[in-house]
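Okay, here's what each chain looks like letter by letter:
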Amino acid sequence: MSARPSNDDARLRERFASAVSPAVRADTRARWDAHGPRLVDTFRMLYGDAPGVDAALQRMIDGMAACAELRPAPLRALDAARERDPAWFLGQDMIGYTTYVDRFGGTLSGVAARVPYLRALGVRYLHLLPFLHARDGDNDGGFAVRDYDAVDPALGDDADLDALTARLRDAGISLCADLVLNHTADDHRWAQAARRGDPRYRAFYHVFPDRDLPDAYERTLGQVFPQTAPGNFTHVDGLGWVWTTFYGYQWDLDWSNPEVFVEMALTMLRLANRGIEAFRLDSTAYLWKRLGTDCMNQPEAHAILQALRAVSDIVAPGVLLKAEAIVPARELPPYFGLRADGAADTDSARRECHLAYHSTLMAALWAALAEQRGDLLAGVIAQTPALPAASGWLTYLRCHDDIGWNVLREEAAGGDGRAPFDLARVARFFAGDGDESYARGRSFQSAGSEHVHGTNGMAAALAGIDDAIAHGDAAALRAAERRLILLYGIVLACAGLPALYMGDEIALGNDEAYARDPARAGEGRWLHRPAMDWTLADAVATRTHDDTTAGRVGAALRRMIAVRRITRGLRGDAPMRALRFDDPALLGIERGDGVIALFNLAGREVAVPVPPSLADARWRDMLDDGRLDDGMPDDGGDSAWPTALAPHALRWLQRA
Ligand code: GLC
């Protein structure tokens, strides 16, 4: 780390302020004063202060000023409102929805036409998977971007994006887009220039002339796609070995080059000025490489995110940053600017991401279902780190990726009074192995039945709906519906911003057709990326399909979303605590304002004793007494606390 020149702050502040017009100067100057020194410090800590670094920093500051100047008035108004209410995204009315543009609406305009559907579902936060101009051919579902400044021509054009963001904003829905930070496509113009031998762009990537360093790194690196893209380096003719953590056509950017930071920071601001209100920062754990480590979660990766946060805090403070770091929850506090042990940093107000995926909770939801153990979830909730104000978890049941089991290694080992469990058995269960399994998922990137990596499949298929339909078994179908409703009941009762995955609100099943499409057959995650069934979705939304699986699941989800919306105790940042029960099948979650949610993870009836600390309380059933789950009626008293829960039943209760 090098010392900052003494008059640096004043000089750079002046440079920034003088580049914006008087109309925006007051706001931006105040923001620079609050966050500029942090940005400059972090940048210099990462890159030093050689002349080239100073030039890069100045170029970035000029670019930031230009973006501040161009920021449209409606977005400036949002910035101001959100500075006044920084926990705006944690209101109990915030519901997320994740989908692909093409699978959901065909094009960006098609998505815009579906805004009323999303609005009626209660959605306030829409994550559209990558829609920027992706590589031709294989492109990892759009995660290989060739041009960050253009919409993918197959999905629309820039005007369509502007129209969509305006439409969503009017409907009170924030658009979240992926910002693929770790890599570009191999046909991005930077990569093309690097191939041509341009030294400036060659330095944007990790390029090695021979295998010496790649082999040294490989000794401690993991593998993201061990079956379909083994190894972390790809040989490119005329260039050498290029670092490719994911697919060979996704070239890792070299973030130790300050020019990479400047380019990506300004990319983020240009997109923010298009009306994107949240960025899913893709693969954040991998941004910094260090020999002898797994090259994940390095301190410099956090410094990069902190500097990006300072950039957005100065120019676009209404924008949210969401870390996609699929690592155990105990490793996530630094992504919120906390120290690794969860303590607040006392040296400086480090600010990093507003949100991070709680993938431990997600994977544990499925493990708990397979193992019929609510105590697994109670353990995860008890171990979930506390977060600073105005930050939260993105909670979810499924997403476009596989369920990665490795985040549960510590939980699987047992401890704290909980029995261990076998992750390989859980993975086999969801792959449908064994007579007991109702699941129709598929193992992903796993070398054999003892090897654990991930599982693919739609939630409905994993919960048994596809299997019950295939067997025409009505009782099994009802049981499977209850399981899906149960898991979403947990997600919606937890702290954080809960996101539905596309089609789950109509219990959409697997897309088995992917295997017959040569363009998708080689990538198992397409199993759970089906096209939306709009005939069914519209029928469910208009309640003409109540007596079907989609209708029952849809009605239950809508009811829980509606109840959450009017219950302050279910705010994303209201307290959360797990209750202790002797029967491991039970899960009890206590939230704010006397809200208790009870869940039976087992396929048998379970008695629900009242915890001694709650013995004197009276309870009201928030979801109308078992209507969602065919649960057991209570014992006839006038309190809604149930004496028992039917298989896979749930209750949300509020102190009367
Ligand atoms: C993220 C995405 C995943 C993609 C990877 C590489 O993990 O969620 O779908 O394959 O990044 O971009």
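Note that the structure is predicted; figures quoted are calculated from it, not measured. Within any chain, residue numbers begin from 1 and follow the written order of that chain's sequence. Where totals are concerned, whole chains, interfaces and linings use all residues; where local detail is concerned, this predicted model gives features only for residues with pLDDT of at least 70, and gives and counts side-chain atom pairs only at 80 or more. Each side-chain value is derived from all of the structure's non-hydrogen atoms; neither hydrogens nor water enter the calculation.

## Comments concerning the overall build of the chain
Here comes step 1: Segments assigned H or I by DSSP are reported as helices when at least four residues long, segments assigned E as strands when at least two residues long, and all are numbered from the N terminus. Assigned secondary structure in the chain consists of 22 helices and 25 strands.
Here comes step 2: A compact globule built from 656 residues should have a C-alpha radius of gyration of about 26 Å, and the chain, at 25 Å, falls within 12% of that.
Here comes step 3: Over its C-alpha atoms, taken along the principal directions, the chain stretches across nearly 75 × 50 × 50 Å.
Here comes step 4: The buried share of the chain, taken over its 656 residues, is 62%.
Here comes step 5: Note on contacts: a residue pair is in contact if any heavy atoms of the two residues lie within 4.5 Å. Contacts spanning at least 24 positions in sequence make up 71% of the contacts within the chain whose residues lie at least 6 apart.
Here comes step 6: Accessible surface is estimated by sampling points in the Shrake-Rupley manner with a 1.4 Å probe; for residues, cover comes only from the protein chains shown. As displayed, the chain offers around 23,600 Å² of accessible surface, 51% of which is attributable to carbon and sulfur atoms.
Here comes step 7: Positive: Lys, Arg. Negative: Asp, Glu. His and the chain ends are not part of the count. To locate a charge, take NZ of a lysine, CZ of an arginine, CG of an aspartate or CD of a glutamate. For the chain, the centre of its 72 positive side-chain charges and the centre of its 91 negative side-chain charges are spaced 4 Å apart. This radius of gyration counts C-alpha atoms alone. The globule rule is 2.2 Å times how many residues there are, raised to the power 0.38. Three labels apply to residues, based on accessible area from a 1.4 Å probe with only protein chains included: buried if under 20% of the type maximum, exposed if over 50%, partly exposed otherwise in between.

## Considerations on the site of the ligand
Here comes step 1: Asp140, Arg280, Asp282, His400 and Asp401 are the nearest of the 13 residues found near the ligand.
Here comes step 2: Polar contacts, as used here, are pairs of N or O atoms within 3.5 Å; protein pairs need one atom able to donate a hydrogen and one able to accept it. Residues neighboring in sequence count only if both atoms are side-chain atoms. Taking Glu324, its side chain carries an N or O atom lying 2.9 Å from an oxygen atom of the ligand.
Here comes step 3: Between an oxygen atom of the ligand and a side-chain N or O atom of His400, the distance comes to 2.8 Å.
Here comes step 4: Calculation on the ligand without its partners gives an accessible area of 310 Å², and the protein chains cover 95% of this total.
Here comes step 5: Residue classes follow a fixed rule: Ala, Val, Leu, Ile, Met, Phe, Trp, Tyr, Cys and Pro count as nonpolar, while Asp, Glu, Lys and Arg count as charged, and any other residue, Gly among them, counts as polar. Grouping the amino acids of the shell around the ligand by side-chain chemistry returns three nonpolar, four polar and six charged. By convention in these notes, a residue is near a molecule or strand provided one of its non-hydrogen atoms lies within 4 Å of it.

## Examining the sheet that holds strand β13 (residues 355-357)
Here comes step 1: With respect to topology, eight strands assemble into a closed barrel ordered β1-β2-β5-β11-β12-β13-β14-β18, the strand pairing being parallel. On average, adjacent strands in this sheet sit at an angle of 25 degrees to one another, irrespective of strand direction.
Here comes step 2: For strand β1 (residues 96-99) and strand β2 (residues 125-128), the ladder comprises four bridges, and the chain directions are parallel. Considered in β2, the bridge of Tyr97 is made with Leu126.
Here comes step 3: Where helix α20 (residues 474-493) meets the sheet, its contacts fall on β14 (392-396) and β18 (497-501), and the angle it forms with β18 comes to roughly 150 degrees. Between any two strands, at least two bridges found by DSSP are needed for them to pair. The convention used is that axes are lines fitted to C-alpha atoms, helices contributing only their stretch in contact, and that angles between N-to-C directions extend from 0 to 180 degrees.

## Description of the pattern of salt bridges
Here comes step 1: We define a salt bridge as a side-chain nitrogen of Lys or Arg found within 4 Å of a carboxyl oxygen belonging to Asp or Glu. Evaluation of the coordinates by the stated rule reveals 52 salt bridges.
Here comes step 2: With a closest N to O distance of 3.4 Å, Arg38 and Asp313 form a salt bridge. Of the two residues, Arg38 is situated in helix α2 (residues 22-47) and Asp313 in helix α13 (residues 299-315); the sequence distance between them amounts to 275 residues.
Here comes step 3: Owing to a relative accessible area of 2%, Asp313 belongs among the buried residues under this scheme.
Here comes step 4: A salt bridge links Asp573 to Arg571; its shortest N-O distance comes to 2.7 Å.
Here comes step 5: When its relative accessible area of 17% is taken as the criterion, Arg571 is described as buried.

## With respect to the sheet that holds strand β20 (residues 586-591)
Here comes step 1: Spatially, the five strands line up as an open sheet ordered β19-β20-β21-β25-β23, and their pairing is antiparallel. The open sheet terminates on both sides in strands that have one partner only, identified here as β19 (577-579) and β23 (619-621). Averaged over all adjacent pairs, the angle separating strand axes in this sheet is 30 degrees, with direction ignored.
Here comes step 2: Judged from the three bridges that link them, β19 and β20 form a sheet pairing that is antiparallel. Across the sheet, the residue bridging to Leu579 is Gly588, located in β20.
Here comes step 3: Sheet strands in contact with helix α15 (residues 374-383) are β19 and β20, and its direction is about 30 degrees off that of β20.

## Describing α13
Here comes step 1: With 17 residues, α13 ought to run about 24 Å at 1.5 Å a step, and its terminal C-alpha atoms sit 25 Å apart, in line with that.
Here comes step 2: With 16 of 17 residues buried, α13 lies mostly within the body of the structure. How far a helix is expected to stretch is found by multiplying one less than its residue total by 1.5 Å.

## Structural notes on the packing of aromatic side chains
Here comes step 1: In this analysis, rings of Phe, Tyr and Trp, with Trp reduced to its six-membered ring, are considered paired at centre separations within 6.5 Å, and the interplanar angle assigns stacked below 30 degrees, edge-to-face beyond 60, and tilted for intermediate values. Summed over all chains, the structure comprises 32 aromatic pairs.
Here comes step 2: Between Trp190 and Phe204, the ring centres sit 5.0 Å apart and the planes meet at 65 degrees, which makes this aromatic pair edge-to-face. You can see Trp190 sitting in helix α9 (residues 189-195) and its partner Phe204 sitting in the loop between α10 (199-202) and β7 (207-208), a full 14 residues away along the chain. Per residue, the accessibility class of Trp190 equals that of Phe204, and both read buried.
Here comes step 3: Centroid distance Trp619 to Trp641: 5.5 Å. Interplanar angle 55 degrees. Geometry classified as tilted. In this pair, Trp619 is assigned in strand β23 and Trp641 in the loop between β23 and β24 (644-645), connecting sequence segments 22 residues apart. Like Trp641, Trp619 is buried.
Here comes step 4: The residue whose ring lies beneath Arg82 is Trp88, and the NZ or CZ to ring-centre distance is 3.6 Å.
Here comes step 5: Just above the ring of Trp243 sits the side chain of Lys289; from NZ or CZ to the centre is 4.8 Å. As a reminder, the over-ring test applies to NZ of lysine and CZ of arginine, requiring each to be within 6 Å of the ring centre and within 35 degrees of the ring normal.

## Concerning helix α14 (residues 359-371)
Here comes step 1: Under the 1.5 Å per step criterion, the end-to-end length of α14 is 18 Å for 13 residues, consistent within 8% with the ideal 18 Å.
Here comes step 2: Counting buried positions along α14 yields 13 of 13 residues, so the element is predominantly enclosed.
Here comes step 3: Directly after α14, the chain includes Gln372, whose backbone phi takes a positive value near 60 degrees.

## Some words on the pairing of strand β11 (residues 278-282)
Here comes step 1: The buried count for β11 comes to five of five residues, which makes it a mostly enclosed element.
Here comes step 2: As judged from the five bridges shared by strand β5 (residues 174-180) and β11, these two strands associate in the parallel manner. When the sheet's bridge partners are listed, Val180 is paired in β11 with Asp282.
Here comes step 3: Sheet topology note: the β11/strand β12 (residues 320-323) ladder contains four bridges and is parallel. Of the residues in β12, the one forming a bridge with Leu281 is Ala323.

## A word on the state of the cysteines
Here comes step 1: The term disulfide is used for any two cysteine sulfur atoms that are within 2.5 Å. One pass over the structure, following the stated rule, counts zero disulfides.
Here comes step 2: Not engaged in a disulfide, the cysteine Cys494 finds its nearest cysteine sulfur in Cys399; these two sulfurs lie 17 Å apart.

## Let's talk about the side chain of Thr567
Here comes step 1: Along the chain, Thr567 turns up in the loop between α22 (549-565) and β19.
Here comes step 2: The contact partners of Thr567, leaving out residues within four places of it in the chain, are Gln92, Val595, Met622 and Gln654.

## Focus on the environment of Leu653
Here comes step 1: Assignment of secondary structure puts Leu653 in strand β25 (residues 650-655).
Here comes step 2: For Leu653, a relative accessible area of 0% gives the class buried.
Here comes step 3: Counting along the chain gives 59 residues from Leu653 to Gly594, while the straight-line C-alpha distance between them is 8.2 Å.
Here comes step 4: The residues touching Leu653, leaving out its near neighbours within four places in the chain, are Gly594, Val595, Ile596, Leu598, Trp619, Arg620, Asp621, Met622, Ala640, Trp641 and Pro642.

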